Amino acid sequence: MPNITVELLSGRTLDQRREFAEAVTAAAVQILNAKRPSVRILFLEIEKSDVANGGVLESDKD
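To keep things clear, this report deals only with the structure shown in the data block. Fair warning: this is a prediction, and the values are worked out from it, not measured in the lab.

Quick notes on the rules
- Residues numbered from 1 in each chain as written.
- Predicted model: local features only at pLDDT ≥ 70, side-chain atom pairs only at ≥ 80, totals over all residues.
- Heavy atoms only, no water.
- Helix = DSSP H or I, 4+ residues; strand = E, 2+ residues; numbered from the N terminus.
- Rg over C-alpha atoms; globule rule 2.2 N^0.38 Å.
- Contact = heavy atoms within 4.5 Å.
- Core = buried A, V, L, I, M, F, W, Y, C linked by side-chain atoms within 4.5 Å.
- Buried < 20%, exposed > 50% of the residue type's maximum accessible area, 1.4 Å probe, protein only.

### A few points about the overall build of the protein
For step 1, the next point in the chain: When you go through the protein residue by residue, the secondary structure sums to one helix and four strands.
For step 2, the next point in the chain: Along the protein, from the amino end to the carboxyl end, the secondary structure elements read β-α-β-β-β.
For step 3, the next point in the chain: Computed over its C-alpha atoms, the radius of gyration of the protein comes to 15 Å, more than 25% above the 11 Å expected for a compact globule of 62 residues.
For step 4, the next point in the chain: Overall size of the protein, expressed as C-alpha extent along the three principal axes, is 40 × 25 × 15 Å.

Following this line, the structure appears as structure tokens:
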């Protein structure tokens, strides 16, 4: 059973998550030969103030 964890900056829509989940599930079925119902995807939403790249908070880049 593939367990796939996806970390995303907040702000993605429900439709974007649905589309992503479908595409990743299809890839896991095709590439890993997984059974569709056994593919589990967990979305973890991260606030921009919780992430820094190059020493700069993502929230400061807006």
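Okay, back to it.
### With respect to the environment of I46
For step 1, the next point in the chain: Topologically, I46 is positioned in strand β2 (residues 40–46).
For step 2, the next point in the chain: Taking the C-alpha atoms as reference points, I46 and E22, 24 residues apart in sequence, are found 21 Å from one another.
For step 3, the next point in the chain: Contacts of I46, omitting those with residues within four sequence positions, involve E7, L8, L9, S10 and V51.

### Re the nonpolar core
Taken as a class, soluble globular proteins show a tendency for nonpolar side chains to be buried jointly.
For step 1, the next point in the chain: The biggest cluster of nonpolar side chains holds eight residues, and these are V6, L8, A21, V24, A28, A34, V39 and I41.
For step 2, the next point in the chain: For this core, the secondary-structure elements that each account for two or more residues are β1 (3–9) and α1 (14–32).
For step 3, the next point in the chain: In terms of residue count, α1 provides more of this core than any other element does, three residues in total.
For step 4, the next point in the chain: Every residue in contact with A21, bar those within four places of it in the chain, is listed here: I41 and F43.

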